[in-house]
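# Tertiary structure, described
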Amino acid sequence: GPPALGWQRYRAVVQRGLRAADLVVAPTAAMLAEAARFYGPFQRARIIHNGRRPEDYPPLPKRRRILSAGRVWDEAKNIELLLAVAPVLPWPVAIAGDSRHPDGGEQRLSGVRALGWLDQPAMAQALGEAAIYALPARYEPFGLSVLEAALAGCALVLGDIPSLRELWDGAALFVAPCNEAGLRTALTRLCRDSELRHAYAERAQDRARCYSAQAMVEGYRGIYRQLQQERRAMKRHA
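Criteria and cut-off values
Residues numbered from 1 in each chain as written. Predicted model: local features only at pLDDT ≥ 70, side-chain atom pairs only at ≥ 80, totals over all residues. Heavy atoms only, no water. Helix = DSSP H or I, 4+ residues; strand = E, 2+ residues; numbered from the N terminus. Buried < 20%, exposed > 50% of the residue type's maximum accessible area, 1.4 Å probe, protein only. Contact = heavy atoms within 4.5 Å. Disulfide = S-S within 2.5 Å. Pairing = 2+ DSSP bridges. Right-handed = clockwise from strand over helix to strand, strands pointing away. Axes fitted to C-alpha atoms, helices over the stretch in contact; angles between N-to-C directions. Left-handed = near helix turned anticlockwise from the far one by under 90°. Nonpolar A, V, L, I, M, F, W, Y, C, P; charged D, E, K, R; others polar. Phe/Tyr/Trp six-rings, centres within 6.5 Å; stacked < 30°, edge-to-face > 60°.

With that out of the way, let us pick up the overall build of the protein chain. Scanning the protein chain from terminus to terminus reveals nine helices and eight strands. Its C-alpha atoms put the protein chain at 70 × 40 × 30 Å along the principal axes. Considering the protein chain as a whole, with its 238 residues, one finds that 42% of them fall into the buried category. By sequence separation, contacts in the protein chain at least 24 residues apart represent 65% of the contacts at least 6 residues apart.

With that settled, the discussion passes to the state of the cysteines. In total, this model carries zero disulfides according to the counting rule given. Of all cysteine sulfurs in the structure, the one in C191 sits closest to C154, which takes part in no disulfide; the separation is 12 Å.

Burial within strand β6 (residues 130–135) is extensive, with six of its six residues counted as buried. Taken together, the three bridges between strand β3 (residues 63–69) and β6 define a ladder with parallel strand orientation. Bridged to R63 within β6 is A130. Here β6 pairs with strand β7 (residues 155–159) via four bridges, running parallel. Bridge pairing links L135 to L158 in β7. At this point the chain moves from β6, through helix α5 (residues 144–151), to the parallel β7, and the crossover so formed is right-handed.

Read across the open sheet, the six strands follow the order β5-β4-β3-β6-β7-β8; overall the sheet is parallel. At either margin of the open sheet sits one strand with a lone partner, and together these are β5 (113–116) and β8 (173–175). The mean angle between the axes of side-by-side strands here comes to 25 degrees, regardless of whether they run parallel or antiparallel. Bridging between strand β4 (residues 93–96) and β5 involves three bridges; their strand directions are parallel.

So, on to the packing of α5 against helix α8 (residues 194–208). In contact at an axis separation of 7 Å, α5 and α8 are set at 115 degrees when each is read in the N-to-C sense. The hand of the α5/α8 crossing is left-handed. The segment α5 lies against α8, with L147, A150 and L151 engaging A204, Q205 and A208. Split into classes, the residues belonging to the contact of α5 with α8 amount to five nonpolar, one polar and no charged.

Following the criterion strictly, the structure yields three aromatic pairs and no others. Centroid distance W7 to Y10: 5.4 Å. Interplanar angle 90 degrees. Geometry classified as edge-to-face. A ring pair is formed by F142 and Y211, whose centres lie 6.1 Å apart and whose planes are at 85 degrees; its orientation type is edge-to-face. Of this pair, F142 sits in the loop between β6 and α5 while Y211 sits in the loop between α8 and α9 (213–237); the two residues are 69 residues apart in sequence, bridging distant segments of the chain.

Structure representation (structure tokens):
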């Protein structure tokens, strides 16, 4: 909805900046649509997916483990929904991420294994060993951790929101972010059905290869090249 009065100046400044840009880039069509709704219209816009290198997130021998990652205190990640169902799941749940809120306080993690903040190699190992990755997010512009998990061979259970549907439809199980019973059912189903779990892991890994670091780099190089050419042409005709 519309921002509270205290955020009006922030919105106005962001809106002026984005409207003045030669080109606005977003990692998903869903994110671009939301940005345009609150800050547009833009002069021009384009979607360039985020990317990762497959060799940085290799699959490892899988353990019977469900993993999630993100800022534990961030309501957008919706990790509290996973905390609610963790005690009744067939497999243990591990959560990687900072639980300390930047404004103070700390999110308590009970019934799960708290891994804390992990650097890239440690995160790659955790993803490589996990059989299932769960992120029932309420809001996510792209979701790099989901891409990393998919490259690492995890079956995915995700929040049913436009951005994640756009990227992973057909390659993940989706659950409404407020549906505790649905999350419990989806995760239990994957834990108990190895054939289904392996099938979704393969689908996710195949889809993940579409979102490569190389494709992302080439996308941005192309944009900068185009803008430079346009600027030179404007100077010649000035």
